[in-house]
Amino acid sequence: MTAEEMEKTIREDHHDEKYSVYKTNSFYWNTKGNDFLGAIALPFYGAFISEEKCHLFGDVTGKKLLEIGCGNGQSLQYHGERNVSELWGMDISEKQIAKAKQHLTECGLSAKLICSPMEEDCGIPEDYFDFVYSIYAIGWTTDLDGTFYRIASYLKKDGFFIFSWSHPIHKCVAAENDMLTFNKCYFDESWYSVSLDGGVLSLSDRKLSIYVNALAKTGFVIEQMIEESDDDLFSCILRS
Ligand SMILES: C[S@@+](CC[C@H](N)C(=O)[O-])C[C@H]1O[C@@H](n2cnc3c(N)ncnc32)[C@H](O)[C@@H]1O
């Protein structure tokens, strides 16, 4: 095989993998939604971090905001109640978009909602938003660099990108008999299947450096990275 043919095969394999991940994950979110996982929504960024404590957005009055992977719209609702001038949300799942629309309508709010993978061009305006944010959705992308480039293009100059995702170390460590044991290689970023509530999701656990380097390559300046744990759980493990 020539180098050119090899490159073409790699490109085709990556393309096939990407569409297989889209298919698996959009099917999961269309059929299972958040019923099993529950919504992770603002003011919470995840289990231990909240906007009320960290003030990453601050005052959003009059600002234009876009949520990537908006799920059922609960984080959009949080901002919708804070005098923003425009609210946009996008998600790969038609069902999640429909739920977001219904939820916002019930709350007397509205947002421009788009159904698309975050990796693709879907008509979101460039150089337009003061904030682009994402609560537990960025890690589902099949193309982190490309997604960060798109997000940077949606932002006005000096706009902010705020996102939360599971810390990669969580997938490697398990608590067993009051001890933490490594059960997965931190450096293994291959896509794998997770069975949840009778459905299947495709996931890849990227190293922290992959996120930091992809942000740097895109031209983002990191102002803050927050890692938190549960103090009670932590002290319990330290004691044992
Ligand atoms: C854990 S939920 C987070 C959304 C929201 N914070 C919540 O808890 O409802 C993940 C969301 O990302 C969406 N998603 C997964 N892969 C995506 C992709 N490639 N592009 C856009 N959205 C995606 C899913 O449809 C789902 O609504």
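Look a little higher up for the structure.
Residues numbered from 1 in each chain as written. Predicted model: local features only at pLDDT ≥ 70, side-chain atom pairs only at ≥ 80, totals over all residues. Heavy atoms only, no water.

**Student:** Which parts of the structure should I look at to understand the sheet that holds strand β4 (residues 129-135)?
**Tutor:** Hydrogen bonds between backbone groups are what pair the strands of a sheet, and the pairing can be parallel or antiparallel. Strand order in the open sheet formed by five strands is β3-β2-β1-β4-β5, and the pairing between neighbours is parallel. Single-partner strands in this sheet number two, and they are β3 (112-115) and β5 (155-164). Across the sheet, the axes of successive neighbouring strands diverge by a mean angle of 15°, strand direction being ignored. Inspection of the sheet shows strand β1 (residues 64-68) paired to strand β2 (residues 86-91) by five bridges, in the parallel sense. Looking at the pairing, L66 lines up with W88 of β2. Of the strands in this sheet, β2 and β3 touch helix α4 (residues 94-106), which is tilted by about 170° from β3. (Pairing = 2+ DSSP bridges. Helix = DSSP H or I, 4+ residues; strand = E, 2+ residues; numbered from the N terminus. Axes fitted to C-alpha atoms, helices over the stretch in contact; angles between N-to-C directions. Contact = heavy atoms within 4.5 Å.)

**Student:** Help me out: how do you make sense of the packing of aromatic side chains in this one?
**Tutor:** In this description, a pair of aromatic rings is defined by centroid distance and the angle of the planes. Within this structure, the stated rule accounts for 17 aromatic pairs. Arranged with centres 5.2 Å apart and planes meeting at 45°, the rings of F57 and F131 form a pair that is tilted. On the criterion of sequence distance, the pair formed by F57 in the loop between α2 (51-54) and β1 and F131 in strand β4 is long-range, its members being 74 residues apart. In this pair, the class of F57 matches that of F131, namely buried. Ring-pair connections join several aromatic residues into one group, and the members of that group are Y28, W29, Y136, W140 and W165. Seen from the ring of W88, K112 lies directly overhead, with NZ or CZ sitting 5.5 Å from the centre. (Phe/Tyr/Trp six-rings, centres within 6.5 Å; stacked < 30°, edge-to-face > 60°. Buried < 20%, exposed > 50% of the residue type's maximum accessible area, 1.4 Å probe, protein only. Lys NZ or Arg CZ within 6 Å of the ring centre and 35° of its normal.)

**Student:** Would you mind going over the pattern of salt bridges with me for this structure?
**Tutor:** Scanning all chains against the criterion turns up seven salt bridges. A salt bridge links D158 to K157; the shortest N-O distance between them is 3.5 Å. Just as D158 is exposed, K157 falls in that class too. Members of the salt-bridge network, linked through shared partners, are K171, K184 and D205. (Salt bridge = Lys/Arg side-chain N within 4 Å of Asp/Glu carboxyl O.)

**Student:** What should I look at first to understand the site of the ligand in this one?
**Tutor:** With respect to spatial proximity, 19 residues lie near the ligand, and among them I40, D91, Q96, M118 and I135 are the closest. D91 is positioned such that a nitrogen or oxygen atom in its side chain is 2.5 Å from an oxygen atom of the ligand. Burial of the ligand by the protein amounts to 98% of the accessible area it has alone, namely 580 Å². Of the residues assigned to the shell around the ligand, the class counts are ten nonpolar, seven polar and two charged. (Near = heavy atom within 4 Å. Polar contact = N/O pair within 3.5 Å; in protein donor to acceptor, adjacent residues only side chain to side chain. Areas by Shrake-Rupley, 256 points an atom, 1.4 Å probe, with all protein chains shown as cover. Nonpolar A, V, L, I, M, F, W, Y, C, P; charged D, E, K, R; others polar.)

None of this, on its own, says anything about what the molecule does.
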